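The primary structure of each chain is shown beneath.
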Amino acid sequence: MGVSEEWRNSKYMETLEAELRGLERRRRADPDCTIADLEGTLRHLRIMDGAGWAGRGEVQDTAIAATIAAYERFIAQWKADALD
């Protein structure tokens with residue numbers, strides 16, 4: 001793996017883990033937070049990602065991809081926990 005890939009993977013994992021921690025804190029601290037709320041945010045994140053802002057750059061592309069992945073993972077886990 002080249003240096004270029006290393007920083008990208010590092011940034012992705014750092015962002016993913018930070019977002020997952022933040023989502024977990026929000027779920028615990030905000031009794032009004034629902035799956036639907038998070039799905040709404042996820043929809044907006046996907047719109048932002050698809051807009052591909054001119055000049056956004058690799059760092060922001062990597063961060064938004066990781067943020068979307070964190071929301072997808074968190075929502076899927078919450079739904080799975082609700083079935084148990």
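Because the structure is predicted, anything quoted here is derived from the model rather than measured.

Colleague: Describe the overall build of the protein chain, naming the residues involved and giving the relevant values.
Modeller: Along the protein chain, the regular secondary structure elements total 3 helices and 0 strands. Starting at the N terminus and walking to the C terminus, you meet the elements of the protein chain as α-α-α. Every one of the 84 residues in the protein chain was classed for burial, and the buried ones make up 25%. Contacts in the protein chain between residues at least 24 apart in sequence constitute 77% of all its contacts with a sequence separation of at least 6.

Colleague: Give me the side chain of Thr67: which residues, what numbers.
Modeller: Within the secondary structure, Thr67 sits in helix H3 (residues 57–83). Among the polar contacts listed, one links the side chain of Thr67 to the backbone oxygen of Ala63, at a separation of 2.8 Å. If we skip the residues at most four places from it in the chain, Thr67 touches Thr15, Glu19 and Leu45.

Colleague: Break down the pattern of salt bridges for me, citing the residues and quoting the values.
Modeller: Opposite charge on two side chains makes pairing possible when the charged atoms of those side chains draw close. Counted by the stated rule, this structure contains 6 salt bridges. Glu5 is the salt-bridge partner of Arg8, the closest N and O atoms lying 2.6 Å from each other. With a gap of 3 residues between them, Arg8 and Glu5 both fall in helix H1 (residues 3–29), about one helical turn apart. Between Glu14 and Lys11 there is a salt bridge; the shortest N-O distance is 4.0 Å.

The rules we used
- Residues numbered from 1 in each chain as written.
- Predicted model: local features only at pLDDT ≥ 70, side-chain atom pairs only at ≥ 80, totals over all residues.
- Heavy atoms only, no water.
- Helix = DSSP H or I, 4+ residues; strand = E, 2+ residues; numbered from the N terminus.
- Buried < 20%, exposed > 50% of the residue type's maximum accessible area, 1.4 Å probe, protein only.
- Contact = heavy atoms within 4.5 Å.
- Polar contact = N/O pair within 3.5 Å; in protein donor to acceptor, adjacent residues only side chain to side chain.
- Salt bridge = Lys/Arg side-chain N within 4 Å of Asp/Glu carboxyl O.

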